[in-house]
Amino acid sequence: QAVISVSNHKGADPLSSLSQMAVKVDPTSLAVGVGLGALVGFLVSKAVSKGTLVNPSIDKASAKVVTVKSVKDIEEYGKNKDGKAVFCRCWRSSTFPYCDGAHSTYNKECCDNTGPLVINA
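Here goes a summary of the coordinates provided. (Residues numbered from 1 in each chain as written. Predicted model: local features only at pLDDT ≥ 70, side-chain atom pairs only at ≥ 80, totals over all residues. Heavy atoms only, no water.)

Attention now moves to unusual backbone geometry. Leaving glycine out, the prevailing phi sign among residues is negative, and the prevailing peptide bond configuration is trans. Note the cis peptide between F96 and P97, where omega equals 15°. Note that P97 resides in the loop between β3 (84-87) and α4 (103-110). The phi dihedral of D59 is positive, around 50°, even though this residue is not glycine. Relative to the elements of secondary structure, D59 occurs in the loop between α2 (27-48) and α3 (71-80). Of note in the backbone geometry, D82 takes a positive phi value of approximately 55° without being a glycine. For D82, the location among the structural elements is in the loop between α3 and β3. Classification of D82 as exposed rests on a relative accessible area of 78%. (Helix = DSSP H or I, 4+ residues; strand = E, 2+ residues; numbered from the N terminus. Buried < 20%, exposed > 50% of the residue type's maximum accessible area, 1.4 Å probe, protein only.)

Spelled out as structure tokens, the structure:
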């Protein structure tokens, strides 16, 4: 058993009296208490945290998502979109790699501030 010794004398400094208080602590009970506390903390953090995937659905069969566009592709796309090529950076666009505005909903749900990459073509 671990013993912490503390006594309280009148007029003694309250902080120094903490070092003199006697409390018997069973090591097994202490270990179980710490373990249960850690488990509860872990479970609560998992329950309240949002998913951590950056890419929830785009090309999940690939080991890595790579999109290659030439300058000509971007210029052509920009001609059809008011001279701008707008690329998704939130990974939620249904027209990925182009932005469809899905980041607005994502930002509200996750308290984030992500937005698109805009290239003036």
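As a further point, take a nonpolar patch on the surface. Together, V32, L36, L39, F42 and L43 make up a nonpolar patch on the protein surface, roughly 480 Å² of accessible area in all. Mapped onto the secondary structure, L43 falls in helix α2. (Patch = residues over 30% accessible without salt bridge, like charges linked within 9 Å, V, L, I, M, F, W, Y side chains within 5 Å. Areas by Shrake-Rupley, 256 points an atom, 1.4 Å probe, with all protein chains shown as cover. Salt bridge = Lys/Arg side-chain N within 4 Å of Asp/Glu carboxyl O.)

Let us look at the packing of aromatic side chains. Following the criterion strictly, the structure yields three aromatic pairs and no others. Ring centres 3.8 Å apart and planes at 10° place the aromatic pair Y77 and Y98 in the stacked group. Of the two residues, Y77 is situated in helix α3 and Y98 in the loop between β3 and α4; the sequence distance between them amounts to 21 residues. Centre to centre, the rings of W91 and F96 are 4.9 Å apart; their planes meet at 20°, and the pair counts as stacked. Through a chain of ring-to-ring contacts, three or more aromatic side chains come together here, namely Y77, F87 and Y98. (Phe/Tyr/Trp six-rings, centres within 6.5 Å; stacked < 30°, edge-to-face > 60°.)

Here we come to α3. Those residues of α3 not exposed but buried are I74, Y77 and G78. Burial along α3 is one-sided: seen end-on, the buried residues are contained in an arc of 100°. In this structure, α3 carries K72, K79 and N80 as exposed residues pointing more than 90 degrees from its buried face. Considering only its buried residues, α3 is in contact with β3 and β4 (117-120). (Arc of directions from axis to C-beta. Contact = heavy atoms within 4.5 Å.)

The next thing to look at is the environment of K72. Counting through the fold element by element, K72 comes out in helix α3. The exposure class of K72 is exposed, given its relative accessible area of 59%. In the structure, K72 is positioned 49 residues away from A121 in sequence and 9.4 Å away in space, judged by C-alpha atoms.

Core analysis: the biggest nonpolar cluster contains five residues, these being I74, Y77, A85, F87 and Y98. Setting aside its immediate chain neighbours within four residues, A85 contacts I74, Y77, G78, L117, V118 and I119. (Core = buried A, V, L, I, M, F, W, Y, C linked by side-chain atoms within 4.5 Å.)

A few words on the pattern of salt bridges. Under the defined criterion, the tally for this structure stands at one salt bridge. When the shortest N-O distance is used, the salt bridge between K79 and E76 registers 3.3 Å. A residue pair is termed a helical-turn pair when its members lie 3 or 4 positions apart in one helix, as K79 and E76 do in helix α3 at three residues. According to the relative accessible area criterion, K79 is exposed, its value standing at 61%.

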